[in-house]
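If you want the building blocks of each chain, they are given just below.
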Protein chains: 2
Amino acid sequence: MSQSNPQLNLDNQICFRLYNASRQVTRLYQPLLKEVGLTYPQYIVLLILWEQDGQLVKEIGERAELNSNTLTPLLKRLAERGLVTRSKNPDDERQTFIHLTEAGKILEQSCDCIPAQMMAKAGLSMEQIQLLKQSLDVLIAQGKR
Amino acid sequence: MSQSNPQLNLDNQICFRLYNASRQVTRLYQPLLKEVGLTYPQYIVLLILWEQDGQLVKEIGERAELNSNTLTPLLKRLAERGLVTRSKNPDDERQTFIHLTEAGKILEQSCDCIPAQMMAKAGLSMEQIQLLKQSLDVLIAQGKR
DNA sequence: CTAAATTAAGTCGCGCACGATTAAATCACA
DNA sequence: TGTGATTTAATCGTGCGCGACTTAATTTAG
């Protein structure tokens, strides 16, 4: 151990685990998402739209914690694939509404089985899941202060 | 709730929290890392080198769970900033050794205070940290199966 | 001893993330 | 009513992540 400061040790660093765990989970999703031709962030955005269709870019951004510099190109790709439409709000031309197309709505059914498959892959008990959720929510809340 | 499948609901999805928490933590690090001019992945790689200097690209990759297609450009940037050197192993010319420069070693001292500051920012108890680590380790292990 | 297989690093292309900036529309209010 | 401030989306540049591939060196198997 050439480490002077034990706190710098990677094994003690929550940051490193979080960074890796997040990428591992994305990798776990990949084979499932590949079947429906979606990337992980695209899937997140569609989850938001399946929850509530016809949202503004800003509203999707607040839910996903992503800004227009990430969302605009992503949404354009979803539009090119015919999963969503992008239309200006005539009452306020600064705003862009995102609506699901029929294809986008139908895709929800194809994704129905993904959460259950992921739960199985993750290998966590319901109890562990609950604890993990709580800890992550604290971290997420801290970032917003 | 326009949601047919309750498992698809974002609030129930661990994936979404993990994805957000990971980015939030990166954002929490940013003001601290900006002072030393590092990105978050660069900091991770330097943590690995501060733990053990003189590693192969492959070894760093195993520790960080990153491949050469991510590491090579990142290491080149660190080399351009004079924090590491890249040198072929004369005994096996396929391999590239990464060594810290003096500047790279000195930078460790500047980063000494980062873990403690992050612990304060994260707002988690030691108990919560331990639980979080355990859950994340399970997820990370699942990804490797 | 050489041909095939393996290994390590690098290259390429795409899609995020995100800071910084811009442009346009709307709002506030003097 | 005009004008400066604010809001919203889009644009731009940089740096990851990662799948797919290439290149070069080394190992192995026959």
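So, here's what we can say about the structure. (Residues numbered from 1 in each chain as written. Chains lettered and ligands numbered in written order. Predicted model: local features only at pLDDT ≥ 70, side-chain atom pairs only at ≥ 80, totals over all residues. Heavy atoms only, no water.)

**So, the overall build of chain A**
Okay, step 1: A count of helices and strands for chain A gives seven helices and three strands.
Okay, step 2: Secondary structure elements in chain A, listed N-terminal to C-terminal, are α-α-β-α-α-β-β-α-α-α.
Okay, step 3: For 145 residues, the compact-globule formula gives about 15 Å, and the C-alpha radius of gyration of chain A, at 19 Å, lies well above that figure.
Okay, step 4: The C-alpha extent of chain A, read off along each of the three principal axes, is 60 × 35 × 25 Å.
Okay, step 5: Sorting the 145 residues of chain A into buried and exposed places 49% on the buried side.
Okay, step 6: Here the contacts in chain A between residues at least 6 apart in sequence split such that 49% fall between residues at least 24 apart.
Okay, step 7: For chain A, the accessible surface area stands at approximately 7,300 Å², while carbon and sulfur atoms represent 50% of it.
Okay, step 8: Distance between charge centres in chain A, computed from 17 positive and 16 negative side chains, equals 8 Å. (Helix = DSSP H or I, 4+ residues; strand = E, 2+ residues; numbered from the N terminus. Rg over C-alpha atoms; globule rule 2.2 N^0.38 Å. Buried < 20%, exposed > 50% of the residue type's maximum accessible area, 1.4 Å probe, protein only. Contact = heavy atoms within 4.5 Å. Areas by Shrake-Rupley, 256 points an atom, 1.4 Å probe, with all protein chains shown as cover. Lys, Arg positive; Asp, Glu negative; His and termini not counted. Charge placed at Lys NZ, Arg CZ, Asp CG, Glu CD.)

**So, helix α6 (residues 114-122) of chain B**
Given 3.6 residues per turn, any residue in an α-helix points the same way as the ones three and four places further on.
All names here are of chain B.
Okay, step 1: Burial in α6 covers these residues: I114, P115, M118 and A122. End-on, the buried residues of α6 take up no more than an arc of 95°, which puts them together on one face.
Okay, step 2: Count one or two residues on from α6 and you reach G123, which has phi positive near 70°. (Arc of directions from axis to C-beta.)

**What to know about the sheet that holds strand β3 (residues 92-100) of chain A**
All names here are of chain A.
Okay, step 1: Within the open sheet, the three strands sit side by side as β1-β3-β2. Their pairing is antiparallel. Unpaired on one side and paired on the other, β1 (55-56) and β2 (84-89) mark the two borders of the sheet.
Okay, step 2: Looking at chain direction, β2 and β3 are connected through six bridges and run antiparallel. Its bridge partner lying in β3, R86 is registered against I98.
Okay, step 3: Across the sheet, helix α4 (residues 68-80) is in contact with β2 and β3; its angle to β2 comes to roughly 125°. (Pairing = 2+ DSSP bridges. Axes fitted to C-alpha atoms, helices over the stretch in contact; angles between N-to-C directions.)

**A few points about the relation of the copies chain A and chain B**
Okay, step 1: In screw terms, the move from chain A to chain B is a rotation of 180° and a rise of 0.0 Å along the axis, fitting with an RMSD of 0.1 Å. Overall, the copies show the geometry of a two-fold rotation axis.
Okay, step 2: A shared binding surface is used by both copies, with 100% of the interface residues of chain A retained as interface residues in chain B. (Least-squares fit on C-alpha atoms with pLDDT ≥ 70 in both.)

**Section: the environment of L28(A)**
Okay, step 1: The residue L28(A) is located in helix α1 (residues 14-36) in this model.
Okay, step 2: Residues L28(A) and F16(A) lie twelve residues apart in sequence; the distance between their C-alpha atoms is 18 Å.
Okay, step 3: If we skip the residues at most four places from it in the chain, L28(A) touches M118(A), K121(A), Q142(B) and G143(B).

**Section: the protein's contact with DNA strand C**
Okay, step 1: If you check the shell around DNA strand C, you find 27 residues, and the closest are N69(A), R77(A), Y19(B), S68(B) and T72(B).
Okay, step 2: Counting only atoms of DNA strand C within 4 Å of the protein, the sugar-phosphate share comes to 69%.
Okay, step 3: Here a phosphate oxygen of DNA strand C sits 2.5 Å away from a polar atom, N or O, in the side chain of Y19(B).
Okay, step 4: Between DNA strand C and K58(B), the relevant distance is 2.7 Å, taken from a phosphate oxygen to a main-chain nitrogen or oxygen of the residue. (Near = heavy atom within 4 Å. Polar contact = N/O pair within 3.5 Å; in protein donor to acceptor, adjacent residues only side chain to side chain.)

**Quick word on the interface of chain A and chain B**
Okay, step 1: Opposite the 63 residues of chain A that make contact, chain B presents 63 residues.
Okay, step 2: Of the roughly 6,100 Å² buried where chain A meets chain B, counting both sides, 61% is carbon and sulfur surface.
Okay, step 3: Summed over the shared surface of chain A and chain B, the result is two salt bridges.
Okay, step 4: Applying the counting rule to chain A against chain B returns ten residue pairs in polar contact (both at pLDDT 80 or more).
Okay, step 5: For the side of chain A that touches chain B, the secondary-structure elements that each account for two or more residues are α1, α2 (40-51), α3 (57-64), α6 (114-122) and α7 (126-144) of chain A.
Okay, step 6: Element by element, the count of residues in the side of chain A that touches chain B is highest for α1(A), at 15 residues.
Okay, step 7: Partitioned by chemical class, the residues of the side of chain A that touches chain B number 33 nonpolar, 17 polar and 13 charged. (Buried area = accessible area lost by both parts, 1.4 Å probe. Salt bridge = Lys/Arg side-chain N within 4 Å of Asp/Glu carboxyl O. Nonpolar A, V, L, I, M, F, W, Y, C, P; charged D, E, K, R; others polar.)

**Topic: the packing of aromatic side chains**
Okay, step 1: Enumeration over the complete set of coordinates arrives at six aromatic pairs over all chains.
Okay, step 2: Both rings, one in Y19(A) and one in Y40(B), keep their centres 5.6 Å apart while their planes meet at 75°; by these two values the pair is edge-to-face. Placement of Y19(A) in helix α1 and of Y40(B) in helix α2 (residues 40-51) is noted, with the two residues assigned to different chains.
Okay, step 3: Take Y19(A): its relative accessible area is 11%, and that puts it in the buried class. (Phe/Tyr/Trp six-rings, centres within 6.5 Å; stacked < 30°, edge-to-face > 60°.)

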